[in-house]
Amino acid sequence: MTTDPIRWAWAAGLLLAWLGLIALMVLQKRRARRPLQTPTADGWTVVFASQTGFAEELAVMTAETLRQAGKVANLISISDVDLNALKQARHLLWIVSTTGEGDAPDSAARFVRQAMAAPAGLEGVSYGLLSLGDRSYRQYCGFGRALDSWLRRSGAEVLFDPVEVDNGDPGAIRHWQHQIGLLTGGTTEPDWAPAALDRWTLIERRLLNPASPGGQAWHLAFQPVDGTPDWQAGDIAEIGVPVAAGQDQTTLATREYSVASLPSDGRIELLVRLMMRPDGTPGLASGWLTQQAAIGDEVALRVRTNRGFHGPPADVPLILIGNGTGLAGLRAHLKTRALSPNRAETWLLFGERTSAHDAFYDDELTAWRTSGILSRLDRAYSRDPGDGRYVQHLVAEQAAEIAAWVERGAFILVCGSLEGMALGVNAALEAALARERLMELTETGRYRRDVY
Ligand SMILES: Cc1cc2nc3c(=O)[nH]c(=O)nc-3n(C[C@H](O)[C@H](O)[C@H](O)COP(=O)(O)O)c2cc1C
């Protein structure tokens, strides 16, 4: 038996998380029996469409998480949703499964027939979507995808990209919990599906932007203790961050970061922004990673597949767009292209604050541009006198050229902040390519995002 206190702490933490999960589920089962309400104009409406009960269970936990964060959250079955009330709802969270051969659950039959027959006027409504499915079926997440398409065509605004859960994948469920946490201002409640984390060692930490007018951005590197797992560009590192859980006890809360390196590097590299809370204290994970953890410390980490942000084959043209720490995920894609002799043209559009302090990985990007791995490199610096542009302005300026790349079959990958960048980039791409065309690229997997 191990005497290693860190392992014991992890084991105790995991056990606590499980107990918490069970308690939460018992509590929620009780609450689920409350009568269903119709959507409300304020607060959140959690709609579920479930055949065998899993989507409903996750909907109950989602509503409970929102309530614990002080939000008003209504839970409603899709069978009880009235389209007019839906139009009044401000924020919708959908949790739906697919059954049969790509079909909607039975409880959604009326909604599909009546509401989804044509686009509805859902302008002003924002939504998030969790789709349950199983990749062994031909129409993976068929209903979730049909619902997403209908919501977009109805003018609803997506809060974050749909999360798809393959056969109950715990990593995807934690990703959904993470997104809900971002909406509610961060939750430290135990993971619904605790991760089995691996042991890694923090081996390097470097501030990338000394004297920047923006928040500190740190380059971190971790080496595996028990052998390097496999992953791909676009995948996510989940990090177990110690949180105090009462007297002398710590548990782990997982946080997600885009991986900036490849297995062939033998290490996980991350680009982490130190987040500050309104009261001036550092964010839980970013504070711990950039200020508390010491070089040589063991860190609980695991790589999670993130299919929604994997790249195209190397011989397909690729446009990478991002800002700030979003360069992490884009860098892994660039590293992949660098290793592929048959690569097609590759273009990076990147935005940060100042050229003097925030040109992250400048040597590397410049070298890739010189060697032709990058066919084009365009950077915008919002605080540079004489520039003042954001990355979405680059997209707007290059609209015709981007449209030409897309005609040649290019994929577009976007990584970085949702509000500060991705919405603006989305609007600029819509203007460049036309709304219908961008939707078609989304639906065929040629426009992919990892935004937060
Ligand atoms: C009979 C049956 C048919 C299914 N068909 C599909 C399918 O076509 N596409 C898919 O992605 N998942 C399919 N699934 C997987 C379900 O979507 C998945 O198990 C989901 O977690 C069920 O959630 P629920 O309990 O809320 O209904 C099917 C499952 C069953 C039992």
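The model shown is predicted, which means the values in this text are computed figures rather than measured ones.

**Student:** Mind showing me how you'd approach the site of the ligand here?
**Tutor:** By nearness alone, 22 residues border the ligand, and Q51, F54, A55, S97 and G133 come closest of all. Contributing elements (two or more residues each) for the shell around the ligand: helix 2 (54–68) and strand 4 (126–133). Here the residues of the shell around the ligand sort into seven nonpolar, 13 polar and two charged.

**Student:** Mind showing me how you'd approach the sheet that holds strand 14 (residues 346–352) here?
**Tutor:** Working definition: the strands of a sheet are paired by backbone hydrogen bonds and lie parallel or antiparallel to each other. Strands sit in the order 15-14-13-16-17 across an open sheet of five strands; the sheet is parallel. One side of each edge strand has no neighbouring strand; the edge strands of this open sheet are strand 15 (376–381) and strand 17 (447–451). Direction aside, the axes of adjacent strands within the sheet are offset by 10° on average. Where strand 13 (residues 318–323) lies against strand 14, six bridges are found, and the strand directions are parallel. The residue of strand 14 that forms the bridge with I319 is W347. Each of strand 13, strand 14, strand 16 (411–416) and strand 17 is contacted by helix 8 (residues 327–338), which is oriented at about 155° to strand 13, the strand it contacts most.

**Student:** Could you clarify how one ought to interpret the environment of I321 in this entry?
**Tutor:** Locating I321 in the fold gives a position in strand 13. With 28 C-beta atoms packed within 10 Å, I321 lands in the buried category. Separated by 260 residues in sequence, I321 and M61 have C-alpha atoms that sit 34 Å apart.

**Student:** Would you mind showing me how to read the packing of helix 12 (residues 418–433) against helix 13 (residues 435–443) here?
**Tutor:** Relative placement of two packed helices is described by the angle separating their axes and the distance separating the axes. The contact between helix 12 and helix 13 brings their axes to 6 Å, and the two run at 115°. Viewed along their axes, helix 12 and helix 13 adopt a mutual orientation that is roughly perpendicular. Residues L429, E430 and L433 of helix 12 touch helix 13, and the partners they reach there are R435, R437 and L438. Of the residues in the contact of helix 12 with helix 13, the class split is three nonpolar, no polar and three charged.

**Student:** I keep staring at the UniProt feature "domain: Flavodoxin-like" (unreviewed entry) in the protein chain and nothing clicks. Help me out?
**Tutor:** Look at the UniProt record and you will see "domain: Flavodoxin-like" (unreviewed entry) annotated at residues 44–181. Helix makes up 37% of residues 44–181 and strand 23%. Its end C-alpha atoms lie 14 Å apart.

**Student:** In this structure, what is going on with the domain arrangement of the protein chain? I would like to understand it.
**Tutor:** As a measure of interface size, the accessible area lost when the parts come together is often cited. With domains assigned, the protein chain is organised as domain 1 (5–184), domain 2 (198–304) and domain 3 (310–451). On a C-alpha basis, the centroid separation for the pair domain 2 and domain 3 is 24 Å. Counting residues at the interface gives 21 residues for domain 2 and 21 residues for domain 3. Per-element tally for the side of domain 2 that touches domain 3: the top contributor is strand 11 (residues 268–273), with four residues. A breakdown of the residues in the side of domain 2 that touches domain 3 according to their chemical character gives 12 nonpolar, eight polar and one charged.

Calculation criteria
- Residues numbered from 1 in each chain as written.
- Predicted model: local features only at pLDDT ≥ 70, side-chain atom pairs only at ≥ 80, totals over all residues.
- Near = placed C-beta within 6 Å.
- Helix = DSSP H or I, 4+ residues; strand = E, 2+ residues; numbered from the N terminus.
- Nonpolar A, V, L, I, M, F, W, Y, C, P; charged D, E, K, R; others polar.
- Pairing = 2+ DSSP bridges.
- Axes fitted to C-alpha atoms, helices over the stretch in contact; angles between N-to-C directions.
- Contact = placed C-beta atoms within 7 Å.
- Buried ≥ 20, exposed ≤ 12 C-beta atoms within 10 Å, placed from the backbone.
- Parallel < 35°, antiparallel > 145°, perpendicular 65-115°, else oblique.
- UniProt positions renumbered as here; feature names shortened; annotations may be inferred.
- Domains from an automatic or database assignment.

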